[in-house]
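# Per-entry structural report
The lines below spell out each chain.
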Amino acid sequence: MKKFNDQQLEAINFYKGACGVVAGAGSGKSSVLIERVNNLINKHKEIQTEILVITFTSKTAKELKEKLKEMRLDKVNIGTFHAIAMRIMIKEGIDVRGKLVPEWKAENWFKTIDKKPDVKDILSFIGYQKSYMRKPNDEFVYKDSNYSDEELRTFYQLYESNKKYEDLFDFDDYLLLTLDILQKNKGKYSFEFVLVDEHQDSNLVQNLMLKELCQSGNIFVVGDVRQSIYSFRGGDVAYFMNFEDYWKDAKIINMFMNYRSTNNIVEGSNNFIKPYFAQYEHYIDSKANNTSDGVIKLEITNGEEAEAVKVVDKVEELLNSGENPEEIAILYRLNAQSMFIENELKRRNIDYDITNESSFFKRKEV
């Protein structure tokens, strides 16, 4: 049997009502989510199909499905907001499969207005407005852009009219269409228990969907304000920080024990992030389960190529000292950065594996 700490057990054993879990990095939130589902079914005898688990990525959804299947809990509903939206739309006779707007098509539309449009900028702005439910003629929510509001309004109007004419959709449409279905069919797609992962990055549309999907009020959300990174896409940490304002008599549980990192790394992280959340009433410093210290080293380089050389120098040094290659990991912020590191590893004939198949050399165009 797995051993859980007091805070984890409190989250696992929480039964009915609204519960927000502030789960710091490395605090075992995945294990808690799985054990809570197991608890609802095997202890409280709740029906598997009445439980919905919403994850942030399809990869996490797949991993949860596999783990629950091993526990013979394979009838639990699991998926991202978009995957769940797709299922609901199909049940309502709205089939959007194969009708996603390709970026090249959007670019061709925009070229009728601007010969060299910044497609990513325009689409990012449109997606941001949709996450706040703003239509082309509405007042926009501010977002930094290379274009003026009026130019963006023209692009947005063209984009929506062409999509409608060609019967095409984007990912934001999935959520907006589903929200409309849910609001028009009160209770039809509501679940008795809803669990939400990475709630700190949910947006307005997703939160309105949650109100419809969980009319019972038995909602359990897990998140960490310190790990919120999707505000540029319309994610709003306020829905998690002010969870009690949105759900009646909500209970807040803080899982602060870090089982992943050593003491000085956790302390360094606390010192860095704490000033940004001084006003958040549920903020608690993370505490390291591992009381030993690791090594923190900061190096500065001039450019990505020089950085790659320095990183691979260190890898080579570790390998020459007899370190197991499988115990060495390189983390980077963007997939595009892998090119420089991969080039340097290849130049020195050092074998490597990229876990998410985003290798620069495996891309079709390369």
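Note that the structure is a prediction, hence the values are computed from the model and not measured.

What the rule picks out here adds up to 14 aromatic pairs. Measuring from ring centre to ring centre gives 5.1 Å for F56 and Y230, while their planes differ by 55°; the resulting arrangement is tilted. Of the two residues, F56 sits in the loop between β2 (51-55) and α3 (58-70) while Y230 sits in the loop between β5 (219-223) and α10 (238-241), which places them 174 residues apart along the sequence. By way of ring pairs, the aromatic residues W109, F110, Y147, F155 and Y159 are connected into one cluster. Positioned above the aromatic ring of F140 is the side chain of R153, whose terminal nitrogen or guanidinium carbon lies 4.3 Å from the ring centre. The ring of W247 has K211 lying over it, and the distance from NZ or CZ to the ring centre is 3.9 Å.

Covered by surrounding structure in strand β4 (residues 193-196) are F193 and L195 together with V194 and V196, the residues of both alternating faces. Across 4 bridges, the pairing between β2 and β4 is parallel. Paired with L52 across the two strands is V194, which belongs to β4. The pairing of β4 with β5 spans 3 bridges and is classified as parallel. In the sheet register, L195 faces β5, and the bridge partner there is F220. Running through helix α9 (residues 204-213), the crossover from β4 to the neighbouring parallel element β5 is right-handed.

Before going further, it helps to spend a moment on the pattern of salt bridges. Close approach of charged atoms allows side chains with opposite charge to pair. Evaluated as defined, the whole model comprises 26 salt bridges. Here D173 makes a salt bridge to K163, at a shortest N to O gap of 2.7 Å. Of this pair, D173 sits in helix α8 (residues 171-184) while K163 sits in helix α7 (residues 149-166), placing them 10 residues apart in sequence. By the burial criterion, D173 is buried, and K163 matches it. R348 is paired through a salt bridge with D313; the nearest N and O atoms lie 2.8 Å apart. One end of the pair, R348, is in the segment after α14 (338-347); the other, D313, is in helix α13 (residues 304-320), with 35 residues separating them in the sequence. For R348, a relative accessible area of 16% gives the class buried. For D313, a relative accessible area of 38% gives the class partly exposed.

Criteria and cut-off values
Residues numbered from 1 in each chain as written. Predicted model: local features only at pLDDT ≥ 70, side-chain atom pairs only at ≥ 80, totals over all residues. Heavy atoms only, no water. Phe/Tyr/Trp six-rings, centres within 6.5 Å; stacked < 30°, edge-to-face > 60°. Helix = DSSP H or I, 4+ residues; strand = E, 2+ residues; numbered from the N terminus. Lys NZ or Arg CZ within 6 Å of the ring centre and 35° of its normal. Buried < 20%, exposed > 50% of the residue type's maximum accessible area, 1.4 Å probe, protein only. Pairing = 2+ DSSP bridges. Right-handed = clockwise from strand over helix to strand, strands pointing away. Salt bridge = Lys/Arg side-chain N within 4 Å of Asp/Glu carboxyl O.

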